[in-house]
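Take a look at the letters that make up each chain.
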Amino acid sequence: MGQCVTKCKNPTSSLGSKSGDKESGSKSHHKKNNSACGGAGHKQEPSTPCSKAPSELSNGTKAMEVTVETPVIPAVMGDLRKEERSADGDGLSLLRIEELFCCYKDEQEDAILEEGMERFCIDLCVDPAEFRVLVLAWKFQAATMCKFTRKEFVDGCRAIQADSLEGICSSFPCMLLEARGEESFKDLYRFTFQFGLDAEEGQRSLQRDIAIALWRLVFTQDTPTILERWLDFLGENPSGVRGISRDTWNMFLNFTQAIGPDLSNYSEDEAWPSLFDTFVEWEMERRKKEEEEEALRVKEAEEGGEEEGRCTETDSSPSTDRLETEGSRGSQTWGGH
């Protein structure tokens, strides 16, 4: 690529030299024809061969010009096209993006795989498991976890207007702000489900533990009140859930937006996934049990306080009697004196 750009540093001079050769060739032929026609006097009009363009001559010069000029124009135009591809209209260097991709790509496959992704994250000073990496994968529209194809990487860098590590790092605040928007977050949320699937295995649902991790990750910036209870429910897994379907994943976002933290407005008659019915039932029973345990603790504390009070009164009565007795004795002694 560098050699192509070097060849095309001054394309106009190359084109100018070709026109200069044409002019010198024309003058040379004109002189020859004038000398051949000199017997007729200086005012004699040039003969027909002298008035023809150099391309119409048949003295061998044409062949030399054609063989020299024909390959030069396509070469120059090709170099110009390469220069146009090296930077887009926004000033990004596509060449630098390609070079950055090559720093991390796999030796066998034309993609950044797990090892390269780890080095890429280290150079970006981010943890591969943090929210910013998920947002970056969303902007790159990565189809698979721990993998960037060349097209995903190049198109993603162009989307965030970055052609270097520093440029990507400086884009994080804007990306995080964008992810807070209602429509943008909805798109990010739905992308996360597809991102978590193993495309090579043809998965259509997320493994339960992967879904739990991704739910906790995607809600990093704005965590719903009910999220931890939902994840506890999935962790305990009373329903024997093995995987999370796309419908369940998408509907949970609607659930967090439509149902209040106390779950009082939840109705089984609405078109919620059956897993949500089980969750609400499980959560209400858990809360009822907590309330009963709390009431029992309060009752035990109150009874313990009353018992302690009675013991205190019992212990304090004899000491009072002793004080009164000792006081009367003291008065009698002083009175005897």
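All values derive from a computational prediction rather than experimental measurement.

Visitor: Could you give an account of the confidence of the model for the protein chain, with specific residues and numbers?
Guide: Residues of the protein chain with pLDDT of at least 70 account for 64%, and the chain-wide mean is 77. In the model, residues 1-58 has pLDDT below 50 throughout and makes 34 contacts with residues more than four positions away in sequence or in other chains. Confidence drops under pLDDT 50 across residues 331-337; counting only partners more than four residues distant or on other chains, this segment forms zero contacts.

Visitor: I'd like a description of the pattern of salt bridges, backed by residues and values.
Guide: Scanning all chains against the criterion turns up 14 salt bridges. One salt bridge in this structure joins R132 and E130, with 2.7 Å as the shortest N-O distance. Residue class for R132 comes out partly exposed when judged on its relative accessible area of 27%. Relative accessible area serves as the criterion here: at 23%, E130 is assigned to the partly exposed category. With its nearest N and O atoms 3.7 Å apart, the salt bridge here joins R229 to E283. Here R229, found in helix 13 (residues 227-236), pairs with E283, found in helix 15 (residues 274-336); they are 54 residues apart in sequence, far enough to count as distant. In this structure E283 comes out as buried when scored by relative accessible area, which is 0%. The network of salt bridges with shared partners includes R229, D232, E283, R286, R287 and E290.

Visitor: How would you summarise the nonpolar core if you had to cite specific residues and measurements?
Guide: Taken as a class, soluble globular proteins show a tendency for nonpolar side chains to be buried jointly. Core analysis: the largest hydrophobic core is formed by 68 residues, its most contacted members being W215 and F255. Looking at this core element by element, the count peaks at eight residues for helix 8 (residues 131-140).

Visitor: Just give me the short version of the packing of aromatic side chains, but keep the residues and values in it.
Guide: Taken as a whole and assessed by the stated rule, the structure comprises 31 aromatic pairs. Seen in terms of ring centroids, F255 and W272 are 5.6 Å apart; in terms of plane orientation they differ by 80 degrees. Their pairing is edge-to-face. Pair noted here: F255 is in helix 14 (residues 246-258) and W272 is in the loop between helix 14 and helix 15, with a separation of 17 residues, a long-range link. Measuring from centroid to centroid gives 5.9 Å for W272 and F276, while their planes differ by 40 degrees, and the two rings are tilted. By relative accessible area, which is 13% here, W272 ends up buried. By relative accessible area, which is 1% here, F276 ends up buried.

Visitor: An account of the side chain of E152 is requested, with residue identities and associated values reported.
Guide: Residue position: E152 is located in helix 9 (residues 150-159). Here E152 sits buried without a salt bridge, and the closest side chain of opposite charge, K147, lies 7.4 Å off (N-O distance).

Visitor: Give a description of a negative patch on the surface that names residues and reports values.
Guide: A cluster of acidic residues, E268, D269, E270, E281 and E285, forms a negative patch on the protein surface. In this fold, D269 is placed in the loop between helix 14 and helix 15. What makes D269 exposed here is its relative accessible area of 77%.

Visitor: I'd like a rundown of the state of the cysteines, residues and numbers included.
Guide: Applying the stated criterion to the full structure yields zero disulfides. We note that C102 lacks a disulfide partner, and the nearest cysteine sulfur, in C103, lies 7.4 Å from it. Residue classification places C102 among the partly exposed residues on the basis of a relative accessible area of 41%. Between C121, a free cysteine, and C146, which holds the nearest cysteine sulfur, the sulfur-to-sulfur gap is 8.4 Å. Look at C121 and you get buried, because its relative accessible area is 2%.

Visitor: Please give an account of the side chain of D277 that cites residues and values.
Guide: In this fold, D277 is placed in helix 15. Here D277 sits buried without a salt bridge, and the closest side chain of opposite charge, R287, lies 15 Å off (N-O distance). Here Y266 takes part through its side chain, which lies 2.3 Å from a polar atom of the side chain of D277. Excluding anything up to four places from it in sequence, D277 contacts Y266 and E268.

Visitor: How would you explain the environment of V280 if you had to name every residue and give the values?
Guide: Here V280 lies in helix 15. Sequence separation between V280 and F233 is 47 residues, and the spatial gap between their C-alpha atoms is 9.6 Å.

Visitor: For the environment of I226, give the residues involved together with the corresponding values.
Guide: Along the chain, the position of I226 falls in the loop between helix 12 (208-218) and helix 13. In this structure, the C-alpha to C-alpha distance between I226 and D262, residues 36 residues apart in sequence, is 8.7 Å. Leave out the neighbours within four places in its chain, and I226 touches F252, F255, T256, P261, L263, F279 and R287.

Visitor: I'd like a rundown of the packing of helix 11 (residues 182-196) against helix 14, residues and numbers included.
Guide: It is at 10 Å that the axes of helix 11 and helix 14 come closest, and there the two elements cross at 155 degrees. Relative to helix 14, the element helix 11 lies roughly antiparallel. For the pair helix 11 and helix 14, the sense of crossing is right-handed. Residues F185, K186, Y189, R190, T192, F193 and Q194 of helix 11 pack against R246, W249, N250, F252 and L253 of helix 14. The class makeup of the residues in the contact of helix 11 with helix 14 is six nonpolar, three polar and three charged.

Reading the values: rules and limits
Residues numbered from 1 in each chain as written. Predicted model: local features only at pLDDT ≥ 70, side-chain atom pairs only at ≥ 80, totals over all residues. Heavy atoms only, no water. pLDDT = per-residue confidence, 0-100. Contact = heavy atoms within 4.5 Å. Salt bridge = Lys/Arg side-chain N within 4 Å of Asp/Glu carboxyl O. Buried < 20%, exposed > 50% of the residue type's maximum accessible area, 1.4 Å probe, protein only. Helix = DSSP H or I, 4+ residues; strand = E, 2+ residues; numbered from the N terminus. Core = buried A, V, L, I, M, F, W, Y, C linked by side-chain atoms within 4.5 Å. Phe/Tyr/Trp six-rings, centres within 6.5 Å; stacked < 30°, edge-to-face > 60°. Lys, Arg positive; Asp, Glu negative; His and termini not counted. Patch = residues over 30% accessible without salt bridge, like charges linked within 9 Å, V, L, I, M, F, W, Y side chains within 5 Å. Areas by Shrake-Rupley, 256 points an atom, 1.4 Å probe, with all protein chains shown as cover. Charge placed at Lys NZ, Arg CZ, Asp CG, Glu CD. Disulfide = S-S within 2.5 Å. Polar contact = N/O pair within 3.5 Å; in protein donor to acceptor, adjacent residues only side chain to side chain. Axes fitted to C-alpha atoms, helices over the stretch in contact; angles between N-to-C directions. Parallel < 35°, antiparallel > 145°, perpendicular 65-115°, else oblique. Left-handed = near helix turned anticlockwise from the far one by under 90°. Nonpolar A, V, L, I, M, F, W, Y, C, P; charged D, E, K, R; others polar.

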